Amino acid sequence: MSPAAHAGRIVPAAARVAGLFPSHFSSRHHSSTVAAAADVATTTPQAGAAAAPHPPKMSGPEVRQAFLSFFQGRGHTKLPSSSLVPEDPTVLLTIAGMLQFKPVFLGQAPRKVARATTSQKCVRTNDIDNVGATARHHTFFEMLGNFSFGDYFKKEAIMWAWELSTVVYGLPPERVWVSVYEEDEEALALWRDVVGVDPSRIRKMGAADNFWASGPTGPCGPCSELHHDFTPVELYYDFHPERGTGPEVTLEDDSRFIEFYNLVFMELNRDAAGTLTPLAAKNIDTGMGLERMAQILQGVPNNYETDLIFPIVAKAAELAGLDYAAAPPAAQTALKVIGDHVRAVVYLLSDGVLPSNVGRGYVLRRLLRRVIMKGRLLGIQGEFTPAVAQVAIALSGDCDPAVAGNAGRIIAEMAREEALFSATLSKGQKQLDDMLARALAAGSSSSSDGGSSSSGPVLAGADAFLLYDSFGFPLELTRELAEAAGVALDDPGFEAAMAAQRARSSASREAVDLTADGGLSQLAAALPAGTSFEGYGASDLVLAGCRVVGLLQDGAPVQEVAGQGVAVDVVLDRTPFYAESGGQVADSGYLRGSSSSSSEASSSSSSSSSSDLLLEVSDVQKGAGGRLFVHSGMLQQGSLRVGQELTAEVDTSLRRRIRAHHTATHLLQSALKQVLGPDTCQQGSLVEAGRLRFDFNLSRPMTQEEISFVEALVNGWVADASPTTTAVMGLKEARAAGAVAMFGEKYEDTVRVVEVPGVSMELCGGTHVSNTAEIGSFKVVSESGVASGVRRIEAVAGQAAVEYLQLLDGVVRQLAGSLRVKLEDVPGRVAALQDELKAASKQLADVKAQVAVAKAGALASQAVPGPGGVGRVLVEELPGLDGKALQEAAVSLLAQLGDPAAVLLASRGEGEAAGKVSFVAALSPQVVKGGLQAGKLVGAVAKVCGGGGGGKPGLAQAGGKDASQLPQALQLAKDTIMGASF
């Protein structure tokens with residue numbers, strides 16, 4: 001279908017929200033589809049059965065619901081999409097539907113259900129340059145999936161995939177192709193003999209395409225962490241069956257085929273020797289791209305013209321004053337990029353990611369800036385991202401209902417970032433102007449990394465990449481502006497810089513790593529229930545009878561360790577030590593016991609034998625998907641073996657301070673919501689013995705009055721001596737009761753709720769005081785910005801607050817003694833001293849300027865004739881002057897020399913500025929009219945000394961870092977001026 005024909009079918013977002021779908025997207029069709037999914041016969045239709053040449057039309061939400069209903073009808077539990085911010089530290093963002101099940105595939109967590117189905121929101125940016133240019137690449141997409149955890153396997157997965165595709169979605173069987181791994185005869189036979197697919201439409205493919213293992217060893221899965229080899233089977237839809245089914249047909253022909261369903265059979269395990277053995281429990285992981293199936297069923301030429309994305313594209317086209325169908329290809333591509341990226345930005349913001357220059361924030365900022373730049377290239381003037389975001393939010397209900405609830409925050413953040421980037425673009429334009437001026441002044445240049453020379457001026461590839469990476473300038477925009485100025489672009493240099501950046505970005509990982517640490521995986525298998533944490537109560541911090549179930553050195557299991565100063569990781573079956581999680585640091589303390597055997601230890605009552613072993617615990621981390629508590633420490637005396645029973649002792653003083661800070665953090669969040677508004681939410685936290693740190697969303701600094709009000713609220717709640725209560729309940733029940741979830745945390749179905757009645761209720765697994773009075777006092781130490789729209793409060797509570805106030809008291813008393821004033825008079829006396837210092841500094845600057853002018857008068861006689869004997873030129877070093885005095889001297893000299901005249905002065909730094917150099921260039925009007933500019937002159941001269949600068953055509957300043965190069969810099973200045981025309 002042509003874009004023009006399609007444009008008439010897609011309804012605006014507002015109309016769809018109101019239920020005004022076109023007839024072929026009707027709810028009636030949706031109901032019949034779901035009914036078909038539930039009532040379809042258990043026998044699989046034969047692949048050769050007659051079918052209509054085109055599948056029935058289906059809206060994007062209908063495609064999603066049909067998939068989920070189909071598998072719910074076959075015993076699968078529908079689970080929600082996980083956040084785009086994954087708990088897994090090996091990936092930056094959620095990039096696959098299976099990611100939330102990774103601990104189950106690895107055997108690190110027990111399965112909660114045998115079968116599951118999901119629609120997972122995902123973000124990938126490894127193919128960002130292909131977005132809009134191809135029909136199917138996206139940064140944001142939904143992955144529909146069905147999963148089996150040791151339940152059904154290959155036969156059921158294949159038969160249900162065929163039934164879903166041809167019966168529920170109505171794809172003509174003769175237009176569906178299948179690929180199998182070349183050695184998977186079982187899958188081949190199932191497709192050919194059971195399903196009945198014509199062998200001419202089945203392709204055997206090699207390991208590169210149809211056998212995925214992301215690690216060298218371990219159990220297999222869509223990502224291998226224990227290295228589980230698996231055999232994917234892929235289904236392809238044929239857009240051009242008239243081209244035949246001969247052996248020359250390749251499924252890699254994107255103009256003909258689209259892969260829409262991937263079935264992964266996790267059935268093997270690979271050991272260190274590379275030997276493959278069958279897994280005892282075989283798993284299924286599948287993925288169907290929602291956007292791809294929508295493209296097929298809606299009969300449109302690409303994913304962007306489906307009802308999932310096109311309303312956003314249409315809104316962008318409207319703002320640009322364009323008709324999408326009639327727009328040139330470059331404009332259509334830009335509109336598609338906007339449609340795709342806006343979806344990614346909206347969902348990332350909803351899940352708590354905020355723009356920054358690192359990690360997820362960098363991904364978000366890059367996507368949003370690409371949207372803004374594409375809009376500018378399309379001619380959209382003024383703020384526009386909130387308008388297109390509103391459409392994406394209106395479309396989000398069936399994918400993630402939370403997006404609509406976060407709409408205000410999403411819109412505000414996009415508007416703020418757009419305003420910031422608009423200012424950045426202005427700076428980037430100035431940078432480009434300076435780069436082009438340098439290239440033109442040089443006359444010819446080579447790429448900054450050694451690229452080939454050109455006979456004309458060339459913009460270095462590294463400079464073009466700086467504009468691209470730091471200011472968001474697309475390469476095509478830089479090229480257009482450079483060519484307009486008569487400057488060529490160093491493409492090889494740009495590509496080299498881009499390649500280096502890609503290499504640096506590879507650490508962000510675009511694949512799920514299922515290669516598990518062998519030692520912890522073995523221990524997890526030996527302790528199915530995991531480590532039992534028994535240290536919440538103040539009386540539970542010394543726990544006897546803790547059995548050593550595993551010892552690790554350098555990540556490898558060992559049976560015994562001995563020797564003073566030996567580092568070791570200890571896994572216990574039960575522990576009072578809190579493992580770092582939820583922003584709270586780990587406990588520290590000791591493990592004590594006897595170095596004799598377990599039986600001897602149990603029969604011995606001597607105090608000496610019970611204290612033979614001493615291990616200092618410095619850190620506790622969770623391993624094996626959170627099931628095991630790994631105690632890291634140093635052996636102080638004795639020996640330690642697997643199977644030994646120990647007494648675990650937590651440092652009660654540190655735990656007391658940590659508890660106070662954790663409960664104070666909850667009170668702080670409640671206070672911020674009262675003072676700043678209920679939309680205030682946590683963006684990160686740290687709770688440790690010496691302080692607490694709390695990040696929250698706010699686009700401005702807090703006022704001192706607001707900070708004081710927050711302190712007063714928290715200290716008031718502390719003084720109320722309210723009891724803190726904990727309860728374990730279902731996640732839905734807790735949220736219904738109003739419990740606040742911590743940012744970035746993943747919760748089980750059963751959660752722990754910590755409440756200060758009438759003040760705070762949060763989902764939290766951390767340790768807390770039993771009564772707010774135990775906090776003692778609360779004091780904000782600092783409030784600052786850490787990222788765009790994110791503020792940070794650092795505060796102290798309990799004993800740490802007392803220590804902080806004692807420190808402040810000592811400082812103030814020392815100041816009062818030095819100034820010989822009362823404590824309360826210190827601020828006034830300091831302000832008076834500042835005024836006196838400011839006045840003295842001004843007087844000193846005036847004297848220096850007078851001295852500079854006097855020195856300059858003596859230099860005037862040293863001026864030489866200018867180019868061709870016209871005018872006067874003075875290039876000299878004038879020692880002992882700062883930048884301001886140097887400028888006064890240059891202006892005075894220029895006035896003495898008349899017009900035309902050129903002056904360039906330099907002065908080496910002294911004291912802390914030793915080794916540096918300052919430059920000032922002053923040119924008379926006639927010299928400027930002749931083509932010489934002070935800004936360019938002084939910038940080029942300073943570059944010789946490792947610096948830079950600029951200014952107005954007649955007066956400019958610059959600085960350099962290497963004063964040793966000053967003679968060469970001054971010679972360049974003389975040569976440049978004498979080569980000019982006066």
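Within each chain, residues carry numbers counting from 1 in the order of the written sequence. Per-residue local features are limited, in this predicted model, to residues with pLDDT of at least 70; the limit for side-chain atom pairs, both in listing and counting, is 80 or more; totals at the level of whole chains, interfaces and linings are taken over all residues. The basis for every side-chain value is the complete set of heavy atoms in the structure, and neither hydrogens nor water enter the calculation.

Asker: Sorry, what's going on with the environment of D285 here?
Answerer: You can see D285 is positioned in strand β10 (residues 276-289). Along the sequence, D285 and F105 sit 180 residues apart, while their C-alpha atoms lie 9.7 Å from each other. Going along the chain from the N terminus, every DSSP run of H or I of four or more residues is numbered as a helix, and every run of E of two or more is numbered as a strand.

Asker: Help me understand the environment of L93, please; the structure alone is not making it clear to me.
Answerer: Within the secondary structure, L93 is located in the loop between β1 (77-78) and α5 (102-105). The classification of residues rests on relative accessible area computed with a 1.4 Å probe and restricted to protein chains. Under 20% of the type maximum is buried, over 50% is exposed, and intermediate values are partly exposed. Classification of L93 by relative accessible area gives buried; the value is 6%. Once the C-alpha coordinates of L93 and R124 are considered, the two residues, 31 residues apart in sequence, prove to be 7.6 Å apart. With residues up to four places along the chain from it excluded, the contact list for L93 reads L84, P86, L99, V123, L348, R360 and V363. The contact criterion used is simple: two residues touch if any of their non-hydrogen atoms lie within 4.5 Å.

Asker: Looking at this structure, I do not really get the nonpolar core. What am I missing?
Answerer: As a rule of thumb, nonpolar side chains are buried together in soluble globular proteins. With 115 residues, the main nonpolar core has F67, L164, Y169, W191, Y261, M288 and V346 as its most contacted residues. With 12 residues, helix α11 (residues 329-350) is the single largest residue contributor to this core. In contact with M288, not counting residues within four places along its chain, are F67, E142, M143, L144, L164, Y169, F260, Y261 and M293. To define a nonpolar core, start from buried Ala, Val, Leu, Ile, Met, Phe, Trp, Tyr and Cys residues and group those joined through side-chain atoms within 4.5 Å. Judged by nonpolar contacts, the second largest core, of 27 residues, contains V875, L923, A934 and L970.

Asker: How should I be thinking about the UniProt feature "binding site: Zn(2+)" (unreviewed entry) in the protein chain in this particular structure?
Answerer: In this structure's numbering, the residues bearing the UniProt feature "binding site: Zn(2+)" (unreviewed entry) are H662, H666, C764 and H768. These annotated residues cover 107 residues of sequence, but their C-alpha atoms sit close together, with the largest distance between any two at 9.9 Å. Within the secondary structure, C764 is located in the loop between β28 (760-763) and β29 (778-787). Residues in contact with C764, not counting those within four places in the same chain, are H662, H666, R752 and V754. Of note, H768 is situated in the loop between β28 and β29. Residues in contact with H768, not counting those within four places in the same chain, are R659, H662, T663, H666 and V754. UniProt positions are given in the numbering used here, feature names are shortened, and annotations may be inferred rather than shown by experiment.

Asker: Could you clarify how one ought to interpret the sheet that holds strand β25 (residues 692-697) in this entry?
Answerer: Strand order in this open sheet of four strands is β24-β25-β30-β29, and the pairing throughout is antiparallel. Each edge of the open sheet is held by one strand with a lone partner, namely β24 (682-687) and β29. When the angles between neighbouring strand axes are averaged without regard to direction, this sheet yields 15°. Note that β29 and strand β30 (residues 790-797) share eight bridges and pair antiparallel. Counterpart to V780 in the pairing with β30 is A795. Axes, fitted as lines to C-alpha atoms, cover a helix only where it is in contact. Angles between the N-to-C directions of the axes lie from 0 to 180 degrees. Packing of helix α24 (residues 799-819) onto the sheet brings it into contact with β29 and β30, and relative to β30 it is tilted by some 90°. Whether two strands pair depends on DSSP finding at least two bridges between them.

Asker: I would appreciate a short explanation of the confidence of the model for the protein chain in the present structure.
Answerer: Reading fine detail from the predicted coordinates is not recommended where pLDDT is low. Within a predicted model, pLDDT stands for the predictor's per-residue confidence, ranging from 0 to 100. With 82% of its residues at a pLDDT of 70 or more, the protein chain shows a mean pLDDT of 82. Put simply, strand β7 (residues 227-228) is where the protein chain has its lowest mean pLDDT, 20, and helix α22 (residues 704-719) is where it has its highest, 97. Every residue in residues 217-232 scores below 50 in pLDDT, and together they form 120 contacts with partners more than four places removed in sequence or on other chains. Taken together, the stretch residues 444-454 has pLDDT below 50 and engages in 22 contacts with residues farther than four places along the chain or on a different chain.

Asker: Before we go on, may I ask you to explain a nonpolar patch on the surface in this structure?
Answerer: Distance thresholds for patches are 9 Å for like charges and 5 Å for nonpolar side chains (Val, Leu, Ile, Met, Phe, Trp, Tyr), applied to residues having over 30% relative accessible area and no salt bridge. Accessibility throughout is a Shrake-Rupley quantity obtained with a 1.4 Å probe, and a residue counts as covered only by protein chains that appear here. By definition here, a salt bridge exists when the distance from a side-chain nitrogen of Lys or Arg to a carboxyl oxygen of Asp or Glu is within 4 Å. On the surface, L807, V811 and L815 cluster together to form a nonpolar patch covering roughly 250 Å² of accessible area. Relative to the helices and strands, V811 is located in helix α24. Overall, V811 belongs to the partly exposed group, its relative accessible area being 41%.

Asker: Looking at this model, I keep getting lost on α22. Mind explaining?
Answerer: Since the α-helix packs 3.6 residues into each turn, any two residues three or four apart lie on the same face. Between the first and last residue of a helix there are one fewer steps than residues, each counted as 1.5 Å, and that sum is the expected span. Given a rise of 1.5 Å per residue, 16 residues ought to cover 22 Å, and the 22 Å separating the end C-alpha atoms of α22 matches this to within 8%. Inspection of α22 places E706, I707, V710, E711, L713, V714, W717 and V718 among the buried residues, and these make up the whole buried set. The buried residues of α22 occupy an angular sector of 160° when projected down its axis, which confines them to one face. Exposed residues lying more than 90 degrees from the buried face of α22 are Q704, E705 and A719. A721, located one to two residues past α22, shows a positive phi value of around 55°. The arc in question is the one spanned by the directions pointing from the helix axis to the C-beta atoms.

Asker: In this structure, what is going on with the pattern of salt bridges? I would like to understand it.
Answerer: When their charged atoms lie close together, side chains carrying opposite charge are able to pair. Tallied over the entire structure, the rule returns 31 salt bridges. Close ionic contact of R376 with E418 constitutes a salt bridge, the shortest N to O distance being 3.5 Å. One end of the pair, R376, is in helix α12 (residues 359-377); the other, E418, is in helix α15 (residues 407-442), and 42 residues separate them in sequence. Salt-bridge contacts for R691 lead to E688; the nearest nitrogen and oxygen are separated by 2.7 Å. Taking the relative accessible area as the measure of exposure, E688 reaches 23% and is therefore partly exposed. Several salt bridges converge on common partners, so that one network encompasses K121, D351 and D400.

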